[in-house]
Amino acid sequence: MPAIPDLNRDYERRPYWHATMPALPDRSGKPLPESADAVVIGGGYTGLAAARQLATQGASVVVVEARTLGWGASTRNGGIAHPGYKWGPASLIKRYGRDLATQLYVDSVEATELLGRTIRDGGIDAELRFNGYMELAWSRRDADDFAAEVRPRTEWGTPARVVPLERITDEVGTRAYHGGLAIDTGGVVHPGKWFAGLVGLAEKAGADLHEGTHVTSVRRESDGWFAVQTERGAIVARDVLVATNGYTDGAAPSLRRRIIPIGSYMIATEPLPADLARELSPTGRAYFDTRNFLSYWHVSADRRLIWGGRVSFFPTTVDKTAKLLHRRMLEVHPQVAGYRVEYSWGGKIGMTFDRMPHIGRSGGVMYAMGCCGSGVVLLHWLGTRAAQWMGGAAPPALAELRFPLVPAPYEGRPWFLPVVGEFFRARDRLAARDKVTPPAA
Ligand SMILES: Cc1cc2nc3c(=O)[nH]c(=O)nc-3n(C[C@H](O)[C@H](O)[C@H](O)COP(=O)(O)OP(=O)(O)OC[C@H]3O[C@@H](n4cnc5c(N)ncnc54)[C@H](O)[C@@H]3O)c2cc1C
């Protein structure tokens, strides 16, 4: 392989989405109400979706966000909107039995449809492109496993097909993988524009939104209501939803012991020529690979290669991660060498010990979190379902899963991540022993 060219250093250290989304008005410093039917902690997709639904159901609802709305992962992500979970169909069935596995997967398909419908019906310009997505096999074994996924995925509502190596460039401009699984559901969205649209929908429905309002504790009162203590005063509420995902802190100690914050990082190139963009992504899909240290990417509406990955489990900086991501990007797409990187950024995902999202109640307080890296579709839906559950509807199937504790002494600082990271890195290396040698062009 030719030497990887150096990365330019004059990129902006902020999310590309922030540079291209509508500015949101400042909602800090507004007086807090003394009471509300519901308080939602966390102003991302989960919190805003829940607030919108609660307000639509007629509840008075207050969203309290420690920083600014969307400051968390909701305006930092890769914009890949896909059904399914970390576990593929066979593992879902093995873990939960066929009936529950089917329901869980079908719910994720419904979640994908809800996202598309909300954006279209809301008239939100979010660059939504539902051209499907593709998983790319890092090892030969991963490619072999794809065949068994076609039937359940198709039966569960997401038509899928194996793309063999000989046909791979019909779908993606790389030969760095052993093959692919193309799934014709979901696709990509501009995360920031979608978030701004969702804020508008929540506010229009009547939700009361507050920024710069850090919640420090939630206490149950003798009458069953909750006192939500913030640094700016307390709000008393009948219901509380914790929607803090990878940013969960000491305000919800029992949840913090279940959520592992992990950094995920991204870069965006300058706009690419139209023929190169078409070569990289002939059908406009989103992509991710099967590594533990996964990469995920798509070509944006303005033809930038938006490239993300879990490149470090150590505390790091966006300069270090930009370098690692740039190298990875060029290993997969050497065609992009010579094009500048214009943005580099990162954010936190909320990993869980069973690698599944969770919704439920802890001490009466509701929670919806644990995206494990895939929350664009699922957490918007889970926020909506949490609100419906508060309003008396049945809980979703995910509520049947026990939310496991991290089995280690742990209070939110994931000291064990570097060790876990090295373990996964070694597994990726082992899986890559039979790596495809790219055929000469
Ligand atoms: C770099 C990156 C790439 C990603 N790519 C994808 C992708 O392509 N596809 C996909 O499906 N998912 C992706 N994700 C995951 C997805 O972005 C998240 O699952 C989703 O945004 C989570 O939304 P949320 O509302 O639950 O949490 P967040 O958007 O993270 O919001 C949580 C909020 O809670 C606030 N908060 C925390 N504690 C308190 C407190 N005590 N008081 C008040 N407020 C508090 C935080 O300030 C934060 O704003 C990615 C994530 C990252 C970081």
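Residues numbered from 1 in each chain as written. Predicted model: local features only at pLDDT ≥ 70, side-chain atom pairs only at ≥ 80, totals over all residues.

### Quick notes on the environment of Leu48
Piece 1. Tracing the backbone shows Leu48 in helix H2 (residues 45–56).
Piece 2. With 155 residues separating them in the primary sequence, Leu48 and Glu203 have C-alpha atoms 9.0 Å apart.
Piece 3. If sequence neighbours within four positions are ignored, Leu48 has contacts with Gly43, Val63, Leu198, Val199 and Ala202. (Helix = DSSP H or I, 4+ residues; strand = E, 2+ residues; numbered from the N terminus. Contact = placed C-beta atoms within 7 Å.)

### So, unusual backbone geometry
Backbone phi values are negative for most residues with the exception of glycine, while trans is the configuration of most peptide bonds.
Piece 1. A positive phi angle, near 50°, is found at Glu127, a position not held by glycine.
Piece 2. Along the chain, Glu127 falls in the loop between helix H3 (89–121) and strand E4 (133–136).
Piece 3. You will see that Cys372, though not glycine, has its phi angle at about 55°, which is positive.
Piece 4. By secondary structure assignment, the location of Cys372 is in the loop between strand E18 (365–369) and helix H9 (378–390).

### Points about the nonpolar core
For soluble globular proteins, nonpolar side chains are generally found buried alongside one another.
Piece 1. In terms of nonpolar packing, the biggest core is built from 127 residues, with Val39, Val240 and Leu241 touching the most fellow members.
Piece 2. With eight residues, H9 is the single largest residue contributor to this core.
Piece 3. Leaving out residues up to four positions away in the same chain, Val240 has contacts with Val39, Ile41, Val218, Phe226, Val228, Val365 and Met366. (Core = buried A, V, L, I, M, F, W, Y, C linked by C-beta atoms within 7 Å. Buried ≥ 20, exposed ≤ 12 C-beta atoms within 10 Å, placed from the backbone.)

### Description of helix H5 (residues 191–205)
Piece 1. Across its 15 residues, H5 extends 21 Å between first and last C-alpha, which sits within 8% of the 21 Å expected from 1.5 Å per residue.
Piece 2. Burial runs high along H5: 11 of the 15 residues are buried.
Piece 3. The set of residues buried in H5 consists of Pro191, Gly192, Lys193, Trp194, Phe195, Ala196, Gly197, Leu198, Val199, Leu201 and Ala202.
Piece 4. Residues of H5 that are buried in the fold lie against helix H1 (16–20), H2, H3 and strand E8 (208–210).
Piece 5. After H5 finishes, the residue Gly206 shows a positive phi value of roughly 120°. (Expected span 1.5 Å × (residues − 1).)

Function cannot be inferred from these measures alone, as they are strictly geometric.
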